[in-house]
Amino acid sequence: MSALVTVAVVGLVAASVVFSLVAVVGFYRLPDVYARAHAASKSETLGALLAIAAAAVAFGPGETLKLALLALFVLVTGPTAAHAVVRSAADAGIEPWVRDTPLPDGGFGPALSDGTEDTEGSR
């Protein structure tokens, strides 16, 4: 492998890792199923596509068609799966987290279904 190809592969893999870490952090830190599905579908799909692009650059033209089909599969199934999860949550009656209720510490938190405040800050 030439130095330019190596630099391109390392750059694509590093970008893939960054976007995958963003997805993990978003999935851990975001408050509800809707926001978590957004983080998982957007960031993780891009992270996977960058990893596939790195493999395409590393393996050369002989494997590009297979990797392009794999990229198409990831591009279609990732967001579709997130949409299915969000739709199931909506059908189950799960309401989105809302930042409109002041908490005792001065911050904002979700309003509970009975109109009271979520004073524990549970997510």
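For clarity, every value in this text was computed on a predicted model and none was experimentally measured.

Draft legend 1. Main features of the packing of helix α2 (residues 33-59) against helix α3 (residues 64-91). At a minimum axis separation of 10 Å, α2 and α3 run at an interaxial angle of 175°. With respect to their mutual orientation, α2 and α3 come out roughly antiparallel. Here the residues of the contact of α2 with α3 are counted per class, giving 20 nonpolar, 4 polar and no charged.

Draft legend 2. Quick peek at the nonpolar core. Counting residues in each nonpolar core, the largest one holds 5 residues, listed as I52, A55, L67, A71 and V74. For this core, the secondary-structure elements that each account for two or more residues are α2 and α3. The greatest single-element share of this core, amounting to 3 residues, is contributed by α3. Non-local contacts of I52, meaning those with residues more than four positions away in its chain, are made with L67, L70, A71 and V74.

Draft legend 3. Molecular detail of the pattern of salt bridges. All chains considered together, the criterion is met by 1 salt bridge. Its salt-bridge partner being E63, residue K66 comes within 3.7 Å of it at the nearest N-O pair. The exposure class of K66 is exposed, given its relative accessible area of 56%.

The rules behind these values
- Residues numbered from 1 in each chain as written.
- Predicted model: local features only at pLDDT ≥ 70, side-chain atom pairs only at ≥ 80, totals over all residues.
- Heavy atoms only, no water.
- Axes fitted to C-alpha atoms, helices over the stretch in contact; angles between N-to-C directions.
- Helix = DSSP H or I, 4+ residues; strand = E, 2+ residues; numbered from the N terminus.
- Parallel < 35°, antiparallel > 145°, perpendicular 65-115°, else oblique.
- Nonpolar A, V, L, I, M, F, W, Y, C, P; charged D, E, K, R; others polar.
- Core = buried A, V, L, I, M, F, W, Y, C linked by side-chain atoms within 4.5 Å.
- Buried < 20%, exposed > 50% of the residue type's maximum accessible area, 1.4 Å probe, protein only.
- Contact = heavy atoms within 4.5 Å.
- Salt bridge = Lys/Arg side-chain N within 4 Å of Asp/Glu carboxyl O.

Interpretation note: all reported values are geometric properties and have no functional meaning in isolation.
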